[in-house]
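Per-entry structural report
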Amino acid sequence: MYRFADPYYLLLALIVPVMGIWYWKRTSRRGAAVRYSNVELVKRAGRGGAARYRHALFALRSLAIAALIVAFARPQSGVSGQDILTEGIDIVLVMDVSSSMLAEDLQPNRLGAAKHVGASFVEGRRNDRIGLVIFGGEAFTQAPLTLDYNVIFNVMADLQVGMVEDGTAIGMGLATAVKRLSDSEAKSKVVILVTDGRNNRGEIDPVTAAQMAQALGIKVYTIGAGTRGEAPFPVADPVTGRRYVRMRVDIDEGPLKEVAELTGGQYFRATDSESLERIYEAIDSLETTELKVRNYTQYSELFPLPLGLGLLLVLSEIALGNTKLRKIP
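Residues numbered from 1 in each chain as written. Predicted model: local features only at pLDDT ≥ 70, side-chain atom pairs only at ≥ 80, totals over all residues. Heavy atoms only, no water.

Time to look at the pairing of strand S10 (residues 267-270). Judged by which residues are buried, S10 turns out to be covered on both faces: Tyr267 and Arg269 on one side and Phe268 and Ala270 on the other are all buried. Sheet topology places strand S7 (residues 218-225) next to S10; four bridges connect them, and they run parallel. Looking across to S10, one finds that Ile223 is bridged to Phe268. (Buried < 20%, exposed > 50% of the residue type's maximum accessible area, 1.4 Å probe, protein only. Helix = DSSP H or I, 4+ residues; strand = E, 2+ residues; numbered from the N terminus. Pairing = 2+ DSSP bridges.)

Here we come to the pattern of salt bridges. The final tally for this structure, using the stated rule, is 15 salt bridges. When the shortest N-O distance is used, the salt bridge between Arg129 and Asp90 registers 2.7 Å. Of this pair, Arg129 sits in strand S4 (residues 129-135) while Asp90 sits in strand S3 (residues 89-96), placing them 39 residues apart in sequence. Salt bridges sharing common partners tie together Asp6, Arg74 and Glu301. (Salt bridge = Lys/Arg side-chain N within 4 Å of Asp/Glu carboxyl O.)

Let us now look at empty space enclosed by the protein. What the rule picks out here adds up to one cavity of 30 Å³ or more. Taken as a whole, the largest cavity holds about 30 Å³ of empty space. Ile170, Gly197, Arg198, Asn199, Pro206, Asp252, Pro255 and Leu256 together form the lining of the largest cavity. Residue composition of the lining of the largest cavity, by class: four nonpolar, two polar and two charged. (1 Å grid on protein atoms, 1.4 Å probe; cavity = no way out; pocket = protein on both sides within 12 Å on 5 of 7 lines; lining within 4 Å. Points joined across faces, edges and corners; volume = space filled by probe spheres on them. Nonpolar A, V, L, I, M, F, W, Y, C, P; charged D, E, K, R; others polar.)

Before going further, it helps to examine the side chain of Glu104. Inspection of the secondary structure assignment puts Glu104 in the loop between S3 and helix H5 (110-123). For Glu104, the side chain forms a polar contact with the side chain of Tyr244, separated by 2.9 Å. In this structure, Glu104 is in contact with Asn109, Pro232, Pro234, Arg242 and Tyr244, ignoring residues within four places of it in sequence. (Polar contact = N/O pair within 3.5 Å; in protein donor to acceptor, adjacent residues only side chain to side chain. Contact = heavy atoms within 4.5 Å.)

Of the strand pairs in this sheet, strand S8 (residues 230-237) and strand S9 (residues 241-248) are connected by eight bridges, and their pairing is antiparallel. Looking across to S9, one finds that Asp237 is bridged to Gly241. Turn length for the S8-S9 hairpin, with the two strands adjacent in sequence and antiparallel, is three residues.

Next up on the list: the sheet that holds S3. Here we have six strands laid out as an open sheet, ordered S5-S4-S3-S6-S7-S10, and mixed in their pairing. Edge positions in the sheet fall to strand S5 (139-146) and S10, since each has one partner strand and no second. Taken over all neighbouring pairs, the strand axes of this sheet differ in orientation by 15° on average, direction set aside. Each of S3, S4, strand S6 (188-195) and S7 is contacted by H5, which is oriented at about 170° to S3, the strand it contacts most. Contacting S6, S7 and S10, helix H10 (residues 273-286) crosses the sheet at an angle of about 155° to S10. (Axes fitted to C-alpha atoms, helices over the stretch in contact; angles between N-to-C directions.)

Here we come to a nonpolar patch on the surface. Judged by side-chain polarity, Tyr9, Leu12, Ile15 and Phe72 come together as a nonpolar surface patch covering roughly 360 Å² of accessible area. Here Leu12 is to be found in the loop between strand S1 (2-4) and helix H1 (15-28). (Patch = residues over 30% accessible without salt bridge, like charges linked within 9 Å, V, L, I, M, F, W, Y side chains within 5 Å. Areas by Shrake-Rupley, 256 points an atom, 1.4 Å probe, with all protein chains shown as cover.)

Written as structure tokens, this is what we have:
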């Protein structure tokens, strides 16, 4: 884009047509008579080459003035752009890897569904640091907060039942995530915890861990993964290799709801894979990254070009007026 920084100088361009009218009237008037004894010599001499360019000096002067006026108006070219400023969110995913996560009421099983949907959630984030904590009978950090989502994808893909001692230490899993977020300076800090049971291990219960999160301004979303009633659970069989038994789904929803309410989050129940996907989509829309867009236009000065042209035309007029196109008074 182009503009003039001082466009009012362009009004001076009206001088150029005024000068043209004045010059035309001046040159069209009859000149003064000169007495000469014999004009035959003058007639035979004819017009010289310089006479054919008698208007060149005025043209150079007019162009010089026009160029200088354009230079005074300061032409500029601009390039527009945007600066996008983001305020990211720090998010820790907390996943239950106890043996009950092998139940197949979610497909391919509860853990597989949690891994798949969790990875899709991470893939959709932008400029947010993500961490990963797992728990069974005890809790461990698998990935600290990072912007390298490939690390999260790789670690999550390797999650399996049996990585830690069996059991369901929900409070320890949440407390570990809270510790990871305790030094965070992010404007928003979030924990998403997925489990399919009730707290039966660990030194810290879920509500106590939630109070720690509340004190640090950490929001906790809790998800109970499992159908209502009974779910098919695979067990080893010496004859067939594997068979299924019906297992009662035992999700302790009371503490999970209390944890969410204490911290300003929400509790969700995922009874199948599709509902788990919708839950993560809902959380994704609730925890949006703040974007600030700043528009700007950067201008560069173009006046040196018409200024240099104007000065060159002035010098050309002076040089020609005193040499090739010089007039005798």
